[in-house]
Amino acid sequence: MDNAVSERIKNDVESNDVVLFMKGTPVFPQCGFSSAVVQVLTHLGVKFKGIDVLVDPSLRDGIKTYSNWPTIPQLYVKGEFIGGCDIVREMYETGELAEMLSTKGVDVQVKA
Amino acid sequence: MDNATEYATRMRAKLTEALRPSRLEIEDDSRRHAGHAGAGAEGETHFNIIIVSDAFEGKSRVARQRQVYDIVADELRERVHALSLKTLTLAEDV
């Protein structure tokens, strides 16, 4: 992987508490899996940075190498890779996601 | 080999050998994703997979899924675009 791409990813996940690498944007997701994760984060009232990998092929490949994870979306919290759509959804359903976010000091405000 | 299920068959064989699952369900979900960028016309791009295996014992969700992705790395590189994975141990499969 290109060093510049790796640096860019590292900078993104370290300078933002919650980062979602996704296809499309939080407002216009281009893939059902990305959309599902956006919905979960929105429901938890979590502020996050969405990064659209479709606008940059080197980023789309780079993020897979960075995390050793072959698919997108990918969620990072405080620099740590949390998982893709299945894991995020599972953790949301069991309440682990909200708990983990709070433990890491991220504001969670579940919408009624 | 039946071409329409070639990748499902390959993944089933590899996952069975590597994980000795007590339950393995592979469902081709490509049709539901038809028309979007990752869904090729040839099909077999999206699968729902449930694997119950004690090979997952003591491993985190990320570690379990990485293990599965490693086993079917060739299939992912060649054609398969996304897997929806449920990775459970025997005790978790209730």
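Residue positions are given per chain, counting from 1 as you read along its sequence in written order. To label them, take the chains in the order written and letter them from A, then take the ligands in the order written and number them from 1. Residues qualify for local features only when their pLDDT is at least 70, as the model is predicted, and side-chain atom pairs are given and counted only at 80 or more; totals for whole chains, interfaces and linings, by contrast, use all residues. Only hydrogens and water are set aside; all other atoms, that is, all heavy atoms of the structure, feed into the side-chain values.

## As for the environment of Gly45(A)
All names here are of chain A. By secondary structure assignment, the location of glycine 45 is in the loop between α2 (32-43) and β2 (49-52). We call a residue buried when its accessible area falls under 20% of the maximum for its residue type, exposed when it is over 50%, and partly exposed in between, using a 1.4 Å probe and counting protein chains only. By relative accessible area, which is 22% here, glycine 45 ends up partly exposed. As for glycine 45 and valine 110, which are separated by 65 residues in sequence, their C-alpha atoms are 5.6 Å apart. The contact criterion used throughout is that any non-hydrogen atoms of two residues lie within 4.5 Å. In this view, glycine 45 contacts Asp107, Gln109 and Lys111; residues no more than four positions away in its chain are not counted. Per the convention used, a helix needs a DSSP run of H or I reaching at least four residues, while a strand needs a run of E reaching at least two, with both numbered from the N terminus.

## What about the pattern of salt bridges?
The rule for a salt bridge is simple: a side-chain nitrogen of Lys or Arg has to be within 4 Å of a carboxyl oxygen of Asp or Glu. The tally for this structure, following the rule as stated, stands at 17 salt bridges over all chains. Of the charged contacts in the structure, one is a salt bridge between Asp12(A) and Lys49(A), with a shortest N-O distance of 3.2 Å. With a gap of 37 residues between them, Asp12(A) in helix α1 (residues 3-15) and Lys49(A) in strand β2 connect regions that are remote in the sequence. Residue Asp12(A) is classed as buried on the basis of its relative accessible area of 6%. Take Lys49(A): its relative accessible area is 34%, and that puts it in the partly exposed class. In this structure, Arg32(B) engages Asp29(B) in a salt bridge whose closest nitrogen and oxygen atoms are separated by 3.0 Å.

## Here's the deal with the interface of chain B and chain A
The interface of chain B with chain A comprises 13 residues on the first partner and 17 residues on the second. With both chains or domains summed, chain B and chain A bury close to 1400 Å², and 55% of this area falls on carbon and sulfur atoms. On inspection of chain B and its partner chain A, the count reaches 2 salt bridges. Among the ionic pairs, Glu96(A) bridges to Arg61(B), the shortest N-O distance being 2.9 Å. Polar contact is defined as a pair of N or O atoms within 3.5 Å, subject to the rule that within protein one atom must be able to donate a hydrogen and the other to accept it, and that residues adjacent in sequence are counted only when both atoms are side-chain atoms. Taken together, the links from chain B to chain A amount to 8 residue pairs in polar contact (both at pLDDT 80 or more). Elements with a contribution of two residues or more to the side of chain B that touches chain A: α2 (61-71) and β3 (82-88) of chain B. Residue contributions to the side of chain B that touches chain A peak at 5 residues, all from α2(B). All amino acids are sorted into three groups, where Ala, Val, Leu, Ile, Met, Phe, Trp, Tyr, Cys and Pro are nonpolar, Asp, Glu, Lys and Arg are charged, and the leftover types, Gly among them, are polar. Within the side of chain B that touches chain A, the residues separate by chemical class into 6 nonpolar, 5 polar and 2 charged. Once two parts are brought into contact, the accessible area they lose, counted with a 1.4 Å probe and summed over both, makes up the buried area.

## Concerning the UniProt feature "binding site: [2Fe-2S] cluster" (unreviewed entry) in chain A
All names here are of chain A. UniProt positions are given in the numbering used here, feature names are shortened, and annotations may be inferred rather than shown by experiment. In the numbering used here, UniProt assigns the feature "binding site: [2Fe-2S] cluster" (unreviewed entry) to Cys31. Mapping cysteine 31 onto the fold places it in the loop between β1 (18-22) and α2. A residue is classified by how much of its surface remains accessible, and cysteine 31, at 8% relative accessible area, is buried.

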